[in-house]
Amino acid sequence: MIDYRRLRVALLGAGAVGSQVAHLLHTHADELADRAGAALELAGIAVRDVDAPRDVELPRELLTTDAETLIVGSDIVIELMGGIEPARAHIQLALNSGADVVTANKALLATHGTEIFDAADQVGASVYYEAAVAGAIPIIRPLRDSLAGDRVNRIMGIVNGTTNYILDRMDGEGAEMAEVLADAQRLGYAEADPTADVEGYDAAQKAAILASLAFHTTVPLDAVHREGITGITKGMMDAARHAGYVIKLLAVCERLSGRADVADGAEAISVRVYPALVPRDHPLASVHGVNNAVFVQAEAAGDLMFYGAGAGGMQTASAVLGDLVSAARRHIAGGAGVGESTRANLPTVDIGKVVTRYQVTLEVDDRPGVLARVAGILSDGRVSIATVEQSIAEPTGPDEAGSARLVIGTHTAVEQDLSETVMRLAEDDVVERVVSVLRVEGD
Ligand SMILES: NC(=O)C1=CN([C@@H]2O[C@H](COP(=O)(O)OP(=O)(O)OC[C@H]3O[C@@H](n4cnc5c(N)ncnc54)[C@H](O)[C@@H]3O)[C@@H](O)[C@H]2O)C=CC1
Ligand SMILES: N[C@@H](CC=O)C(=O)O
Ligand code: NA
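Bear in mind the structure is a predicted one, so any value in this text is a computation, not a measurement.

Caption draft 1: Just the nonpolar core, in detail. Within the largest apolar cluster, 81 residues are counted, with the highest numbers of intra-cluster contacts made by Leu95, Tyr129, Ile139, Leu143, Val152, Ile155 and Val296. Each of domain 1 (6–136 + 314–333) and domain 2 (140–310) gives at least three residues to this core. Leave out the neighbours within four places in its chain, and Ile139 touches Glu130, Val133, Ala134, Leu210, Val294, Val296 and Phe306. Core analysis: the second largest hydrophobic core is formed by 35 residues, Leu24, Ile78, Val102 and Tyr128 among them.

Caption draft 2: Broad picture of a nonpolar patch on the surface. Taken together, the side chains of Leu371, Ile385 and Val388 make up a nonpolar region of the molecular surface, amounting to roughly 220 Å² of accessible area. The topology assignment puts Ile385 in strand 14 (residues 385–393).

Caption draft 3: Inspection of the domain arrangement of the protein chain at higher detail. On domain assignment, one finds that the protein chain holds domain 1 (6–136 + 314–333), domain 2 (140–310) and domain 3 (354–440). Contacts between domain 1 and domain 2 engage 20 residues on the former and 18 residues on the latter. Where domain 1 abuts domain 2, roughly 1,400 Å² becomes buried across the two surfaces, and 60% of that area is made up of carbon and sulfur atoms. The largest share of the area that domain 1 buries against domain 2 comes from Lys106, Tyr129 and Val133, three residues that together contribute 37% of it. Note that Asp202 is salt-bridged to Lys106, the shortest N-O span being 3.3 Å. Seen at the junction of domain 1 and domain 2, the total is 8 residue pairs in polar contact (both at pLDDT 80 or more).

Caption draft 4: Quick look at the site of ligand 1. Inspection of the region around ligand 1 gives 21 residues, with Ala16, Val17, Gly188, Glu191 and Gly312 positioned closest. A distance of 2.9 Å separates an oxygen atom of ligand 1 from a polar atom in the backbone of Val17. In isolation ligand 1 offers 820 Å² of accessible surface; the protein chains occlude 82% of this area.

Caption draft 5: Region of interest: the coordination of the sodium ion (ligand 3). Donor atoms from the polypeptide that coordinate the sodium ion (ligand 3) comprise Glu130 (O), Glu130 (OE), Val133 (O), Gly135 (O) and Ile137 (O), at 2.4 to 2.7 Å from the metal. Mapping the donors of the sodium ion (ligand 3) onto the primary sequence gives the spacing E-x2-V-x1-G-x1-I.

Caption draft 6: Structural context of the packing of helix 7 (residues 161–173) against helix 11 (residues 234–242). Between helix 7 and helix 11, the least distance of the axes is 9 Å, while the angle of their chain directions is 70°. Judged on the interaxial angle alone, helix 11 and helix 7 are roughly perpendicular. In the crossing of helix 7 with helix 11, the sense of the turn from one axis to the other is right-handed. Contacts between helix 7 and helix 11 pair Leu167, Met170 and Asp171 from the former with Lys234, Met237 and Arg241 from the latter. Tallied by class, the residues present in the contact of helix 7 with helix 11 amount to 3 nonpolar, no polar and 3 charged.

Caption draft 7: Region of the structure containing the site of ligand 2. The immediate surroundings of ligand 2 are formed by Lys106, Asn160, Gly161, Thr162, Tyr189, Ala190, Glu191, Asp197, Asp202, Lys206, Gly310 and Ala311. Within the contact set of ligand 2, an oxygen atom lies 2.6 Å away from a side-chain nitrogen or oxygen of Thr162. When the free accessible area of ligand 2 is taken as 250 Å², the share hidden by the protein chains comes to 94%. Going through the elements one at a time, helix 7 and helix 10 (201–215) are the ones with two or more residues in the shell around ligand 2. Tallied by class, residues from the shell around ligand 2 come to 3 nonpolar, 4 polar and 5 charged.

Caption draft 8: Highlighting the pairing of strand 7 (residues 152–158). Within strand 7, 6 of the 7 residues are buried, which leaves it mostly tucked inside the rest of the structure. Where strand 7 meets strand 11 (residues 291–298), 6 bridges bridge the pair, whose relative direction is antiparallel. The partner of Val152 across the bridge, within strand 11, is Ala298. Where strand 7 meets strand 9 (residues 245–257), 4 bridges bridge the pair, whose relative direction is antiparallel. Paired with Gly157 across the bridge in strand 9 is Ala251.

Caption draft 9: Geometry of the sheet that holds strand 1 (residues 6–12). If you walk across this open sheet you meet the 6 strands as 3-2-1-4-5-6, and the pairing is parallel. Each having just a single partner strand, strand 3 (63–64) and strand 6 (127–128) make up the two edges of the open sheet. Packing against the sheet, helix 12 (residues 313–333) makes contact with strand 1, strand 2 (39–46), strand 4 (76–79), strand 5 (100–103) and strand 6, and its axis sits at approximately 170° to strand 5.

Caption draft 10: Main features of the packing of aromatic side chains. For the coordinates displayed, the defined rule picks out 2 aromatic pairs. An angle of 40° between the planes, with centres 5.6 Å apart, marks the rings of Phe117 and Tyr129 as tilted. Of the two residues, Phe117 sits in helix 5 (residues 106–123) while Tyr129 sits in the loop between strand 6 and helix 6 (140–146), which places them 12 residues apart along the sequence. Here Phe117 matches Tyr129 in class, with each residue buried. Of note, Arg226 hangs over the ring of Tyr201, and the distance from its end group to the ring centre comes to 3.9 Å. Stacked on the ring of Tyr274, the Lys or Arg Arg439 has its end atom at 4.1 Å from the ring centre.

Caption draft 11: Geometry of unusual backbone geometry. Looking along the chain, the bond that leaves Glu85 and enters Pro86 is cis, with omega of 10°. Non-glycine residue Arg382 carries a positive phi angle of around 65°. Mapped onto the elements, Arg382 comes out in the loop between helix 13 (370–380) and strand 14. In this structure Arg382 comes out as exposed when scored by relative accessible area, which is 59%.

Caption draft 12: Local environment of the side chain of Arg330. The residue Arg330 is located in helix 12 in this model. Under the relative-accessibility criterion, Arg330 is labelled buried at 16%. Setting aside residues no more than four positions away along its own chain, Arg330 makes contact with Asp100, Gly124, Ala125, Ser126, Tyr128, Gly335, Ala336 and Gly337.

What counts, and where the lines are drawn
- For every chain, the first residue of its written sequence is number 1, and the numbers climb from 1 along that sequence.
- Chains carry letters and ligands carry numbers; both start at the beginning, A for chains and 1 for ligands, and go up in the order they are written.
- Selection of residues for local features in this predicted model requires a pLDDT of at least 70, selection of side-chain atom pairs for listing and counting requires 80 or more, and totals for whole chains, interfaces and linings are taken over all residues.
- Calculation of side-chain values draws on the structure's entire complement of heavy atoms; hydrogens and water are dropped beforehand.
- Think of a nonpolar core as a cluster: buried Ala, Val, Leu, Ile, Met, Phe, Trp, Tyr and Cys residues, connected wherever their side-chain atoms sit within 4.5 Å.
- Exposure is judged per residue with a 1.4 Å probe applied to protein chains only, and the accessible area is read against the type maximum: over 50% gives exposed, under 20% gives buried, and values in between give partly exposed.
- Throughout the structure description, domain borders are defined by an automatic or database domain assignment.
- Note on definitions: a residue-residue contact is assigned when non-hydrogen atoms from the two residues lie within 4.5 Å.
- Residues enter patches when they are more than 30% accessible in relative terms and free of salt bridges; like-charged ones are connected within 9 Å and nonpolar ones (Val, Leu, Ile, Met, Phe, Trp, Tyr) within 5 Å.
- The accessible surface values rely on the Shrake-Rupley method and a 1.4 Å probe; as for residues, cover is taken only from the protein chains in view.
- The rule for a salt bridge is simple: a side-chain nitrogen of Lys or Arg has to be within 4 Å of a carboxyl oxygen of Asp or Glu.
- Strands here mean DSSP runs of E at least two residues long; helices mean DSSP runs of H or I at least four residues long; both are numbered from the N terminus.
- When two parts are put together, the accessible area they lose, computed with a 1.4 Å probe and summed over both, is reported as buried area.
- For the purposes of these results, a polar contact is taken to be a pair of N or O atoms within 3.5 Å, where, inside protein, one atom must be able to donate a hydrogen and its partner to accept one; residues adjacent in sequence count only when each atom of the pair is a side-chain atom.
- What makes a residue near a molecule or strand is one non-hydrogen atom of that residue sitting within 4 Å of it.
- Distances define the donors: N, O and S atoms within 2.8 Å of the metal qualify, as do those within 3.2 Å of Na, K or Ca. Water is excluded, so some sites may look unfinished.
- The axes are straight lines fitted to the C-alpha atoms, using for helices just the contacting stretch, and the angles between their N-to-C directions are given from 0 to 180°.
- Working rule for angles: under 35 degrees goes down as roughly parallel, over 145 as roughly antiparallel, 65 to 115 as roughly perpendicular, anything else as oblique.
- Handedness of a crossing is defined here by the sense of rotation of the near helix relative to the far one, left-handed for an anticlockwise turn of less than a right angle and right-handed for a clockwise turn.
- In this classification, the charged set is Asp, Glu, Lys and Arg, the nonpolar set is Ala, Val, Leu, Ile, Met, Phe, Trp, Tyr, Cys and Pro, and all remaining amino acids, among them Gly, are polar.
- Pairing between two strands requires that DSSP report at least two bridges joining them.
- Two rings from Phe, Tyr or Trp (for Trp, the six-membered ring) form a pair when their centres are within 6.5 Å of each other. A pair whose planes differ by under 30 degrees is stacked, one over 60 is edge-to-face, and the rest are tilted.
- We call a charge positioned above a ring when the Lys NZ or Arg CZ atom is no farther than 6 Å from the ring centre and deviates by at most 35 degrees from the ring normal.

Take a look at the structure:
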C-alpha cells in the first residue's frame, strides 16, 4: 500500500449528483488514489439539514451545515449545490484559500464565469467543470484541450437531458409534457426549478459555455438566443413525424465569416437554443431518453460526435470524479493552473441575421388562388419555397367554407425576413391561422 499524500476534499451539496460523488469516492477510494497520486480524503459534506432523509446513505459524522469552515480547511472543493448564491461565494472562498474547484454549476458559470476564472487566475488555481455540460459526456476537456490546436466552426447538439427525455416520450408514446416532466424530476434529471430545463435556460447556459470554449471568446448568457419546448404540442410532434422529422431542443454555436453584416475578413458567432425539426435519419434523431449528443465540426479534425448520458446523478458523478482526479494531480504537481482562452473576442450576431431553413404550417381558406397568394407573400419577403404539402379539412357544416392545411418547407432564409413574412401571412385574409413555425436543422 503506497503512503500517498492526503488531499482534503470538501463536498458542497448532497443531492442527486453530490450523494453519488460521495458514494463513488468512498467505494473506489484506493483506485482513485492510485490514479490521482494522492489519497482523496472526503473531509466533510455541506448540507442544509444534517437530519434530512436521503436516498443514498452518507456517513453522519461528515455532514455539516458549516460550509465555510469546511471550505477553508480543504485542498479541493466540489460545488454541487447548484444556483448562484451561496455557490458563488463558496467558490470564491475556496479559491481565495488556495483550493482548486470542481463544479457542475452551469447556471453559475454562464453568468459569473469571468469573475470566477479571473479569481482562479489571480491565485494560480484551477476550476474544472466537465459535468456542467452534457453530464457524463466528455466535451469540456475535448474542446478545451484536445481541440486547442484546431479551429471549431460549428457545434450542434442536444445538451439538455430532461427536455430530450420529454420530447422523446411525447414522440414515442404520445405522452403529455406535464406527466413526463414529473418522471424526469423523480429520476433526478431536472434542475431544482424545472423551468430552467423546459424553457431552455439550462441549454442556453450550456451553449454559452460551449461557444466560449469553441470560439475562445467570452459569450455572455444574454448573447444566446433562447426558446424552450413549452410551445411544442402533441399535434406538432405528430405533424413532424408525418413529415419525416422529429422535434429536438438543439443548441447551435456557429462561426460566421464572409457575411455582409460583418466587417471585411472579420468573423462573428451565432449562439442559439430552440426546438427544431431534425430529419428522422439524422444521427441526432436517434438520441433517445436522457441522452445527449454534441456534433463538433472543426477545420482540421472534420466532424466529431460525442454521445452519452446527459443527466442523472451517478452518470454526472463520473464527470465530477474525473475532474477531481485532474484537480488532485495538478494540486500535487503545483504551479499555476491554465486559465480560460478568450482572446479571440468575436462579436455575436443577433438571431434576426441567422440563416437557416424553416417549416411553416398554415391553415388557409380552401378556395382557388390561395396557394398563389401565399406563394406571392413568401416571394415578396425573400423566402423561397422548397416544398409544399396541402391537406384538406372537411367543412364543419353545409354553409361552411372548407379550410386547407399548408405545410411549407423553405430554402434557407434570413430569420428576420422569415419572421416579417410570417407576420404578413398571419394578417392576410386568406390565412386563417399560423399553426407553427419551426426551424429545420441537420439536413
Ligand atoms: N442532476 C443532474 O443530472 C445534473 C446536475 N448538474 C448540476 O449539478 C448541480 C447539482 O445538481 P443536483 O444534484 O441535481 O441538484 P439537487 O437539487 O438534487 O442537489 C443539490 C443539493 O444541494 C443542497 N443545497 C443547496 N443549497 C445549499 C446550501 N446553501 N447549503 C447546503 N446545501 C445546499 C440541496 O439541499 C440539495 O440537496 C447543479 O448545479 C446542477 O445544475 C449537472 C449535470 C447533471
Ligand atoms: N437538468 C439538466 C441536468 C444536466 O445538466 C438536464 O436535464 O440536462
Ligand atoms: Na460533460
